[in-house]
Amino acid sequence: MCYILFTRQPDFFDGEKAPATIQMLYDSAVKQIIPAAVYQAGGTWYHTDARYLFRRIHVGQKVTVIYETATPGTATVYAFWGYWIGWGELLFTVVGYVVLLQIAYAVTTNPNANSLQDQLSYAPEKKRKYND
């Protein structure tokens, strides 16, 4: 949880939030029309890419963006999926848990014959309730 809370960019604690509207704008870098969040910060209008894997957005939709006050042009759409949880982090977590599960399975299966015999013949010793 601490990792997620303190590694978001723009920073959650220092960032400013602003209302934005989704519009279709031409992006010269990819040479196509993409959905962008258009917002106003300090009297100037900015826009940021609003595309994200598995996020559905529509033209005219009202969203919130978060940006650093020093660089208001670098904003991100403030949403749970995309700002707080990213697909890379989610994929890394799932793969990490699968690897840990495989390690646990490998450690606990096919025990040594002596170890297995000790486990099967285990009988707890009787202890007195109170020490004399």
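So, how was this worked out
Every chain is numbered on its own, with residues counted from 1 as its sequence reads. In keeping with the model being predicted, local features are shown solely for residues with a pLDDT of at least 70 and side-chain atom pairs are shown and tallied solely at 80 or more, while totals for entire chains, interfaces and linings include all residues. Computation of side-chain values: all heavy atoms of the structure, hydrogens and water removed. In this description a helix means any DSSP run of H or I spanning at least four residues, a strand means any run of E spanning at least two, and both kinds are numbered starting from the N terminus. Three exposure classes are used, based on accessible area relative to the maximum for each residue type with a 1.4 Å probe and protein chains only: buried under 20%, partly exposed in between, and exposed over 50%. Between two residues, a contact is recorded if the distance between any of their heavy atoms is within 4.5 Å. N or O atoms within 3.5 Å of each other form a polar contact, as long as, within protein, one can give a hydrogen and the other can take it, and as long as residues adjacent in sequence are counted only when both atoms are side-chain atoms. Salt bridge, as applied in this entry: a Lys or Arg side-chain nitrogen positioned within 4 Å of an Asp or Glu carboxyl oxygen. Two rings belonging to Phe, Tyr or Trp (six-membered ring only in the last case) form a pair when the distance between their centres is within 6.5 Å. Interplanar angles under 30 degrees mark stacking, angles over 60 mark edge-to-face geometry, and anything in between is tilted. Ring-over charges, as used throughout, are those where CZ of Arg or NZ of Lys falls within 6 Å of the ring centre and within 35 degrees of the ring normal.

Asks: What am I meant to see in the environment of Gln40 here?
Replies: By the secondary structure assignment, Gln40 is in strand β2 (residues 32–41). Since its relative accessible area comes to 40%, Gln40 is described here as partly exposed. Between the C-alpha atom of Gln40 and that of Ser115, which follows or precedes it by 75 residues, the distance is 69 Å. Setting aside chain neighbours within four positions, we find Gln40 in contact with Ala18 and Trp45.

Asks: Looking at this structure, I do not really get the side chain of Thr48. What am I missing?
Replies: With respect to the helices and strands, Thr48 occurs in strand β3 (residues 44–49). Judged by relative accessible area, which is 11%, Thr48 ranks as buried. At 2.8 Å, the side chain of Thr48 and the backbone oxygen of Ala75 are in polar contact. Once you skip the residues sitting within four places of it in the chain, Thr48 turns out to touch Pro35, Ala36, Ala37, Tyr39, Val65 and Ala75.

Asks: Looking at this model, I keep getting lost on the pattern of salt bridges. Mind explaining?
Replies: Between side chains of opposite charge, pairing is possible as soon as their charged atoms come close. Taken as a whole and judged by the stated rule, the model has two salt bridges. As a salt-bridge pair, Arg8 and Glu89 come within 2.6 Å of each other at their nearest N and O atoms. With Arg8 in the loop between α1 (2–6) and β1 (16–27) and Glu89 in helix α3 (residues 87–108), this residue pair connects regions lying 81 residues apart in the sequence. Exposure remark for Arg8: the relative accessible area of 6% places this residue in the buried category. One salt bridge connects Asp49 with Arg51, and the closest N-O pair in it is separated by 2.9 Å. What makes Arg51 partly exposed here is its relative accessible area of 37%.

Asks: How should I be thinking about the packing of aromatic side chains in this particular structure?
Replies: The geometry of an aromatic ring pair comes down to the distance between the two centres and the angle between the two planes. Taken as a whole and judged by the stated rule, the model has ten aromatic pairs. Aromatic pair Phe12 and Phe13: ring centres 5.3 Å apart, planes at 70 degrees, arrangement edge-to-face. Ring pairing ties together the aromatic residues Phe6, Phe12, Phe13, Tyr78, Tyr83 and Trp84, which thus form one cluster. Directly above the aromatic system of Tyr78 lies the positively charged group of Lys17, at a separation of 4.5 Å from the ring centroid.

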